[in-house]
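An overview of the molecular structure
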Amino acid sequence: MLALSKLSDLPPLKDLLIEHDLWAKKSLGQNFLLDPNITETIAKKALINDRVVLEIGPGPGGLTRGLLNHGAKQVFAVEKDVRCIHLLQSLVSASEGRLHLIEKDALKFKLSDFVTEYSLDAPFHIVANLPYNIGTQLLLNWFKDLDWIGSMTLMFQKEVAERMVATPGTDAYGRLSILCQYLCMCKIIMHLPPSAFTPAPKVHSAVIQLVPKKLSDEEKKLLPLLERVTALAFGQRRKMLKSSLKSLLKENEIEALGISPTMRPEELALDSFLKICKKLI
Ligand code: SAM
């Protein structure tokens, strides 16, 4: 292989995949983005200029190249597949010290350890085309460490992204909508068809951007309660609140909050869920 000194000298991703005989593994959710127009657009929309970026699952590095091209100060990329780690070595050289690979399972990767190990003193930004099978779990894990995070620009299955931004009264509205919207400003910034990926998945995708809100300590303390109340309410989605929340509140207590006990959870806005949580403190 030639010594490559610049990002612009790198061969197309397709050539690298062939050279390294790297074929997508379904078990690792590998649906690669090989079109630089797409990866450059995502990187451009991410809020990363001169920022530290954490990328989960760089794969063959298309999005990683975009992040480096669009001014990321440093990119730390966590990848489980050692084949990708080998393939990415030419990008590490071309990045001139800005790309750091971390061979690890993202589910076991603790943000607090990351901040300590690399002595980060400002919030970092997470950007990722996430493996669909673990995407939601990763996001819920990161919700516990939002103080470190400046923004998250993440690819999900379209229906999952739509649940995050859903409003009351819609089918997509549920626990994920409430938790995301309590903690973050959320918007879908891009839709992608299956044909954008190699191999093409069966589903459509969307990139969502989540910017953590500045919550007070009091507001942060409500999170475990909000998790509990929404789990109970949406665990029995068809039931009225007086029935699904009966282990927490009596019917008249719900009514005293100005909430009808006969409502179903999908009719209830975030504010009403917060009223319930505050009553339980
Ligand atoms: N970022 C690349 C792109 O856009 O072409 C690849 C995205 S692909 C959807 C998901 C990537 O996450 C793959 O590279 C896969 O190997 C990696 N991955 C899957 N499970 C992982 C895990 N538990 N921890 C870290 N990386 C993982």
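Residues numbered from 1 in each chain as written. Predicted model: local features only at pLDDT ≥ 70, side-chain atom pairs only at ≥ 80, totals over all residues. Heavy atoms only, no water.

**Here we look at the nonpolar core**
Judged by nonpolar contacts, the single largest core of 62 residues is most densely connected at L54, F124, L139, W142, M152 and L154. Sequence-distant contacts of L139, that is, excluding residues within four places in its chain, are made with M152, L154, F156, M164, C180 and L210. Within the second largest apolar cluster, 27 residues are counted, among which are I42, I48, L192 and A196. (Core = buried A, V, L, I, M, F, W, Y, C linked by side-chain atoms within 4.5 Å. Buried < 20%, exposed > 50% of the residue type's maximum accessible area, 1.4 Å probe, protein only. Contact = heavy atoms within 4.5 Å.)

**Concerning the packing of aromatic side chains**
In this structure the tally under the stated criterion is seven aromatic pairs. Ring centres 5.2 Å apart and planes at 75° place the aromatic pair F76 and F114 in the edge-to-face group. Taken together, the residues F76 in strand β2 (residues 74–79) and F114 in helix α6 (residues 111–117) connect sequence positions 38 residues apart. Residue classification places F76 among the buried residues on the basis of a relative accessible area of 4%. Each ring, one from F114 and one from F124, has its centre 5.1 Å from the other, and the planes form 85°; the classification is edge-to-face. With a gap of 10 residues between them, F114 in helix α6 and F124 in strand β4 (residues 124–129) connect regions that are remote in the sequence. Each member of the pair, F114 as well as F124, is classed as buried. Within the aromatic cluster, the residues linked to one another by ring pairs are F76, F109, F114, Y118 and F124. (Phe/Tyr/Trp six-rings, centres within 6.5 Å; stacked < 30°, edge-to-face > 60°. Helix = DSSP H or I, 4+ residues; strand = E, 2+ residues; numbered from the N terminus.)

**A look at the site of the ligand**
Neighbouring the ligand are 21 residues; L33, G57, E79, D105 and A106 lie closest to it. One of the backbone N or O atoms of G59 is found 3.2 Å from an oxygen atom in the ligand. A distance of 2.8 Å separates a nitrogen atom of the ligand from a polar atom in the side chain of D105. In the complex, 98% of the free accessible area of the ligand, which totals 590 Å², lies under the protein chains. (Near = heavy atom within 4 Å. Polar contact = N/O pair within 3.5 Å; in protein donor to acceptor, adjacent residues only side chain to side chain. Areas by Shrake-Rupley, 256 points an atom, 1.4 Å probe, with all protein chains shown as cover.)

**A look at the packing of helix α8 (residues 158–165) against helix α9 (residues 175–183)**
For the pair α8 and α9, interaxial distance at closest approach is 6 Å and the crossing angle is 60°. In terms of axis orientation, α8 runs oblique to α9. In this structure, α8 crosses over α9, and the sense of that crossing is right-handed. Across from V160, R163, M164 and V165 in α8, the residues of α9 making contact are L176, S177, C180 and Q181. (Axes fitted to C-alpha atoms, helices over the stretch in contact; angles between N-to-C directions. Parallel < 35°, antiparallel > 145°, perpendicular 65-115°, else oblique. Left-handed = near helix turned anticlockwise from the far one by under 90°.)

**Let's talk about the pairing of strand β7 (residues 205–212)**
Residues in a regular strand project their side chains so that they alternate between the two faces of the sheet. Across the eight residues that make up β7, a large majority, seven, are buried. Summarising the sheet, strand β5 (residues 149–157) and β7 pair through six bridges and their orientation is antiparallel. Residue pairing for β7: F156 is matched across the bridge by A206. Of the strand pairs in this sheet, strand β6 (residues 184–192) and β7 are connected by eight bridges, and their pairing is antiparallel. Across the sheet, the residue bridging to C186 is L210, located in β7. (Pairing = 2+ DSSP bridges.)

**As for the pattern of salt bridges**
Tallied over the entire structure, the rule returns seven salt bridges. Its salt-bridge partner being D81, residue R83 comes within 2.8 Å of it at the nearest N-O pair. Under the relative-accessibility criterion, R83 is labelled partly exposed at 24%. Salt-bridge contacts for E162 lead to K158; the nearest nitrogen and oxygen are separated by 3.7 Å. With E162 and K158 both in helix α8 and four residues apart, this pair spans about one turn of that helix. Judged by relative accessible area, K158 falls into the partly exposed class, the value being 25%. (Salt bridge = Lys/Arg side-chain N within 4 Å of Asp/Glu carboxyl O.)

**Points about the sheet that holds β7**
Read across the open sheet, the seven strands follow the order β3-β2-β1-β4-β5-β7-β6; overall the sheet is mixed. One side of each edge strand has no neighbouring strand; the edge strands of this open sheet are β3 (99–103) and β6. Across the sheet, the axes of successive neighbouring strands diverge by a mean angle of 20°, strand direction being ignored. Judged from the five bridges that link them, strand β1 (residues 52–56) and β2 form a sheet pairing that is parallel. Bridge pairing in β2 places I56 opposite V78. Where helix α2 (residues 36–45) meets the sheet, it contacts β5, β6 and β7, and its direction lies at approximately 165° from that of β6.

**A few points about the packing of α2 against helix α3 (residues 62–69)**
The geometry of a pair of packed helices is captured by two quantities: the angle between their axes and the separation between those axes. Here α2 crosses α3 at 50°, and the two axes come no closer than 8 Å. Our classification of the angle between α2 and α3 gives oblique. For the element pair α2 and α3, the recorded crossing hand is right-handed. Listed contacts from α3 to T39, E40, I42 and A43 of α2 are G62, L63, R65, G66, L67 and N69.

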